[in-house]
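What follows is each chain in one-letter form.
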Number of protein chains: 2
Amino acid sequence: MASEFDLIRTHFADLGPPRGDVVLGVGDDCALLAVPSGQRLAVSIDTLVSGTHFLPDVDPEALGYKSLAVGLSDLAALGADPAWATLALTLPADLAPGSAPWVAAFARGFGALAQTHGVRLVGGDTTCGLLSVTVQVHGFVPDGLEVRRSGARPGDLICVSGTLGDAGLALRELLADRAPEGFLRSRLDRPVPRVALGLALRGLATAMIDVSDGLAADLGHILEASGVGAELDLGSLPLSAPVARAVVEDGDWTLPLASGDDYELCFCLPAERAAALPGLAERSGCPLTVIGKIRSGQGLICLGPDGRAVKLARTGFDHFGTTDV
Amino acid sequence: MASEFDLIRTHFADLGPPRGDVVLGVGDDCALLAVPSGQRLAVSIDTLVSGTHFLPDVDPEALGYKSLAVGLSDLAALGADPAWATLALTLPADLAPGSAPWVAAFARGFGALAQTHGVRLVGGDTTCGLLSVTVQVHGFVPDGLEVRRSGARPGDLICVSGTLGDAGLALRELLADRAPEGFLRSRLDRPVPRVALGLALRGLATAMIDVSDGLAADLGHILEASGVGAELDLGSLPLSAPVARAVVEDGDWTLPLASGDDYELCFCLPAERAAALPGLAERSGCPLTVIGKIRSGQGLICLGPDGRAVKLARTGFDHFGTTDV
């Protein structure tokens, strides 16, 4: 199969813009990279597996896009500026011989998002097996300006970008053999990593995480890391019209609180900085909503629109699908 | 399955020695790392897939060891000093609920090698699917001291560490339902990455690669990147006794030239530096052998022990198994 090197050279040797900090890119035993002085290197690795994270008949261009987007979302959550990516792609044997169009589409989706964020693909590996994609992203944070999970303090406002539960509703439709409407579908297939927002929140937010496993679970990680509790005002959750309808129909909040794949940022902001929110929303191009506040103690209290505590049908999303080590 | 976070915390939160350059390790959206000033960052990512790179009944401790070893071998091939690793582990659903002993053994193997080389595990991802392991390694090279594939010049000696074909013979035995002898088995399961040798060759070797796809294919990458040809003296190839026997029995050189998983270093050395070889071998703890020389032009000529050109049954190993992008 002499075509593999050609296939890789053709499709992966030149993804994303050239960068002066890539000393040696695709094509040697290692990539060789220059981290600017005064900057820390932020890295995150994520795997998407066929049947677990996407349906086997996935559009390869959407998969290429999303496999980079989930990593960029992790960089955003620390306030890191994206720089480089590596890609480990496992392709089924029966796909390999005729894989050129599939791989070309995958590379197109990956490359378009890489271009948008100035990310260069610097290395990778291609193997044979069940379809899965592992991407490691690399970015920079000026020393001491990262936003960790552990800085939330009682009194901080809890904020979230965009809307919640759209991807979860799209997946529910697909699994029920219904076609989700275009907006929902694009929220599942092409989540927009909130990179500009993450950068804008350096030095402002006290804690941050990206919402990939559902708001309740991910906010839970902030609470645990910070040693605090929180009160969520469910009536304030930013919901698209179809998710708002589904919440009313279901009579529960699982969709916005405990479905995965939102890739929004949840962050904590000292109350005296609340006035910064409209400007932040405008600069970063996404709506921002205050949904609750940090309290001392521990645990997550959810207050319904009537002001009474709501017991969640499912509070966590601790599965083997998407857990970062 | 609330046990997953516990499982990860228990087994992966603390692999390898603590390092002062890890600002933020396992447990946030990203790891945050400090690359020393004057050093370049070398990275390499590799995936091992069940059924392609290891047998499904693999010893998990050996798999943990090997999944890090293949990356360290790539770092060695550039002359990089290992520092950090990330790990993306995909486990079958039926393994997950009872996976604690399996994961503990995997972590033991990974952690022992990490400890040996001062490598800290700084992040990862656990997913559900067909068993596979992706590891990215990160190391340092002082600016300008890396050994690339592209520096070989006519007249350079071609050298190789250790012996060739042992892992290939072990695999052949296993696939024929025979138990390979202990030496061969350990060469397949626990290859020793030649990290000390790679470091010692900074500023000495003109080109280097690790032999993972077979000597002919990997030396071929050096020749192509350097724009040169080479002459190999097959009678000089360093072979263990069982491989030497197999070559005679088979009447061909496929085993040492074109079987995978050797993880030795193949490097080029200006002839006037040949006197350094015994000292290098002693300092790095592995035998070094001169096996040929670089010529102008292109192509690889293999001379048999009788001095006549030998045509290889298989010259390359261009499959979907182990190709770095």
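Bear in mind the structure is a predicted one, so any value in this text is a computation, not a measurement. (Residues numbered from 1 in each chain as written. Chains lettered and ligands numbered in written order. Predicted model: local features only at pLDDT ≥ 70, side-chain atom pairs only at ≥ 80, totals over all residues. Heavy atoms only, no water.)

1. Focus on the side chain of Thr-163 of chain A
Residue and element names in this part refer to chain A. Using the following cut-off: Secondary structure follows DSSP: runs of H or I at least 4 residues long count as helices, runs of E at least 2 residues long count as strands, and numbering of each begins at the N terminus. For each residue, the accessible area found with a 1.4 Å probe, counting protein chains only, is set against the maximum for its type, and the residue is called buried under 20%, exposed over 50%, and partly exposed in between. In protein, a polar contact means a hydrogen-donor-capable atom and an acceptor-capable atom, both N or O and within 3.5 Å, with residues adjacent in sequence counting only if both atoms are side-chain atoms; elsewhere, any N or O pair within 3.5 Å suffices. Any pair of residues with heavy atoms lying within 4.5 Å of one another is described as a contacting pair.
Along the chain, Thr-163 falls in the loop between strand 7 (157–161) and helix 4 (166–175). Owing to a relative accessible area of 18%, Thr-163 belongs among the buried residues under this scheme. Polar side-chain contacts of Thr-163 include one of 2.5 Å to the side chain of Asp-166. Dropping the residues within four chain positions of it, Thr-163 is found in contact with Phe-183, Arg-187, Pro-238, Leu-239, Ser-240, Asp-262 and Glu-264.

2. Topic: a nonpolar patch on the surface
Residues and elements named next belong to chain A. Filter applied, for reference: Grouping into patches uses exposed residues only, defined as over 30% relative accessible area, and leaves out salt-bridged ones; the cut-off is 9 Å for like charges and 5 Å for nonpolar side chains (Val, Leu, Ile, Met, Phe, Trp, Tyr). Surface exposure here means Shrake-Rupley accessible area, sampled with a 1.4 Å probe, where a residue is shielded only by the protein chains that are shown. We define a salt bridge as a contact between a side-chain nitrogen of Lys or Arg and a carboxyl oxygen of Asp or Glu at a distance within 4 Å.
A cluster of nonpolar side chains, namely Leu-55, Leu-171 and Leu-175, defines an oily patch on the protein surface of about 260 Å² accessible area. Note on placement: Leu-171 falls in helix 4. Judged by relative accessible area, which is 34%, Leu-171 ranks as partly exposed.

3. Considering the state of the cysteines
Our working rule: The disulfide criterion used throughout: a pair of cysteine sulfur atoms within 2.5 Å.
The full count for this structure, using the stated rule, is zero disulfides over all chains. Looking at Cys-30 of chain B, it has no disulfide partner, and the nearest cysteine sulfur is the one in Cys-266 of chain A, 16 Å off. A disulfide-free cysteine, Cys-159 of chain B has its sulfur positioned 7.5 Å from the sulfur of Cys-268 of chain B, the nearest such atom. For Cys-159 of chain B, a relative accessible area of 0% corresponds to the buried category.

4. Describing the sheet that holds strand 9 (residues 229–233) of chain A
Sheets are built from strands that pair by backbone hydrogen bonding, the pairs being arranged parallel or antiparallel. Residues and elements named next belong to chain A. Our working definition: Here a strand pair is declared whenever DSSP counts at least two bridges between the two strands. Between N-to-C directions, angles cover 0 to 180 degrees, with each direction set by a line fitted to C-alpha atoms, over the stretch in contact for helices.
One open sheet holds the six strands; their spatial order is 8-10-7-11-9-12, and the pairing between them is mixed. Pairing within the sheet leaves two strands with one partner each, and these edge strands are strand 8 (207–211) and strand 12 (299–303). Averaged over all neighbouring strand pairs, the angle between strand axes comes to 25°, with direction disregarded. Lying on the sheet, helix 7 (residues 215–226) is in contact with strand 7, strand 8, strand 9, strand 10 (264–269), strand 11 (288–295) and strand 12; it crosses strand 8 at an angle near 155°. In the packing of helix 10 (residues 277–284) onto the sheet, the strands contacted are strand 7, strand 10 and strand 11, and the crossing angle to strand 11 comes to about 130°.

5. Overview of unusual backbone geometry
Residues other than glycine seldom take positive phi values, yet Asp-177 of chain A does so here, at roughly 60°. Assessed through its relative accessible area of 75%, Asp-177 of chain A is described here as exposed. Even without a glycine there, the phi angle at Asp-261 of chain B is positive, about 70°. Topologically, Asp-261 of chain B is positioned in the loop between helix 9 (254–258) and strand 10 (264–269).

6. Considering the sheet that holds strand 10 of chain B
Residues and elements named next belong to chain B. Spatially, the six strands line up as an open sheet ordered 8-10-7-11-9-12, and their pairing is mixed. Looking along the sheet, the strands with just one partner apiece sit at the ends: strand 8 (207–211) and strand 12 (299–303). Neighbour-to-neighbour, the strand axes of this sheet turn through a mean angle of 25°, independent of strand direction. Relative to the sheet, helix 7 (residues 215–226) contacts strand 7 (157–161), strand 8, strand 9 (229–233), strand 10, strand 11 (288–295) and strand 12, its axis offset from that of strand 8 by approximately 155°.

7. Considerations on the pairing of strand 8 of chain B
Residues and elements named next belong to chain B. The buried count for strand 8 comes to five of five residues, which makes it a mostly enclosed element. Bridge analysis of strand 8 against strand 10 gives five bridges, and the strand direction is antiparallel. Bridge pairing in strand 10 links Val-211 to Glu-264.

8. Quick look at the packing of helix 4 (residues 166–175) of chain B against helix 5 (residues 182–189) of chain B
Residue and element names in this part refer to chain B. Stated precisely, the cut-off is as follows: Any angle that falls under 35 degrees is termed roughly parallel, while one over 145 is termed roughly antiparallel, one within 65 to 115 roughly perpendicular, and all others oblique. Three residue categories are used. Nonpolar comprises Ala, Val, Leu, Ile, Met, Phe, Trp, Tyr, Cys and Pro, charged comprises Asp, Glu, Lys and Arg, and polar comprises the others, including Gly.
Their axes nearest at 8 Å, the elements helix 4 and helix 5 cross at an angle of 105°. Between helix 4 and helix 5, the angle falls in the class roughly perpendicular. Together, Asp-166, Ala-167, Leu-169, Ala-170, Leu-171 and Leu-174 of helix 4 and Phe-183, Leu-184, Arg-185, Arg-187 and Leu-188 of helix 5 make up the contact between the two elements. Per-class residue counts for the contact of helix 4 with helix 5 are eight nonpolar, no polar and three charged.

9. Describing the pairing of strand 6 (residues 132–142) of chain A
All names here are of chain A. With ten of its eleven residues buried, strand 6 lies for the most part within the structure. Across eleven bridges, strand 3 (residues 39–49) lies against strand 6 in antiparallel orientation. Bridge pairing in strand 6 links Val-49 to Ser-132. Where strand 4 (residues 81–91) lies against strand 6, nine bridges are found, and the strand directions are antiparallel. If you follow Leu-89 over to strand 6, its bridge partner there is Val-133.

10. Re the packing of aromatic side chains
Residue and element names in this part refer to chain A. Counted only if it meets this: We call Phe, Tyr and Trp rings a pair once their centres come within 6.5 Å, taking the six-membered ring for Trp, and we label the pair stacked below 30 degrees between planes, edge-to-face above 60, and tilted otherwise.
In this structure the tally under the stated criterion is eight aromatic pairs over all chains. Here the aromatic rings of Phe-12 and Phe-106 are separated by 6.3 Å at their centres, their planes lie at 75°, and the arrangement is edge-to-face. Highlighted residues: Phe-12 in helix 1 (residues 3–12) and Phe-106 in helix 3 (residues 100–116), separated in sequence by 94 residues. The pair Phe-12 / Phe-106 is uniform in exposure class, with both members buried. A ring pair is formed by Phe-106 and Phe-110, whose centres lie 6.4 Å apart and whose planes are at 25°; its orientation type is stacked. Of the two residues, Phe-106 and Phe-110 are both situated in helix 3; the distance of four residues between them amounts to about one turn of the helix. Side by side, Phe-106 and Phe-110 carry an identical accessibility label, which is buried. Among the aromatic residues, those joined into a cluster by ring pairs are Phe-12, Trp-102, Phe-106 and Phe-110.

11. Quick look at helix 2 (residues 60–78) of chain B
Residues and elements named next belong to chain B. Threshold: Multiplying 1.5 Å by the helix residue count minus one yields the expected span of that helix.
For helix 2, with 19 residues, the first-to-last C-alpha span of 28 Å sits near the 27 Å given by 1.5 Å per residue. Among the 19 residues that make up helix 2, 18 are buried, leaving the element largely enclosed by the rest of the structure. Residue Gly-79 follows helix 2 closely and has a positive phi angle near 80°.

12. Structural notes on the confidence of the model for chain A
Residues and elements named next belong to chain A. The test is simple: Known as pLDDT, the predictor's confidence for each residue is given on a scale from 0 to 100.
On average, residues of chain A score 91 in pLDDT, and 92% of them reach the 70 mark or higher. In this model, residues 317–325 is a region of pLDDT below 50 whose contacts with residues beyond four sequence positions or in other chains number 47 contacts. This prediction of the complex comes with two scores: 0.93 for pTM and 0.92 for ipTM.

13. Looking at the pattern of salt bridges
Scanning all chains against the criterion turns up 32 salt bridges over all chains. For the salt bridge of Arg-149 of chain B with Asp-29 of chain A, the shortest nitrogen-to-oxygen distance reads 3.4 Å. Taken as a pair, Arg-149 of chain B in the loop between strand 6 (132–142) and strand 7 and Asp-29 of chain A in the loop between strand 1 (22–24) and strand 2 (31–33) lie in two separate chains rather than in one. Of the two residues, Arg-149 of chain B and Asp-29 of chain A, neither departs from the other in class, the shared state being buried. Residue Arg-187 of chain B pairs with Glu-264 of chain B through a salt bridge whose shortest N-O separation is 2.9 Å. In this pair, Arg-187 of chain B sits in helix 5 while Glu-264 of chain B sits in strand 10, placing the two residues 77 residues apart along the sequence.

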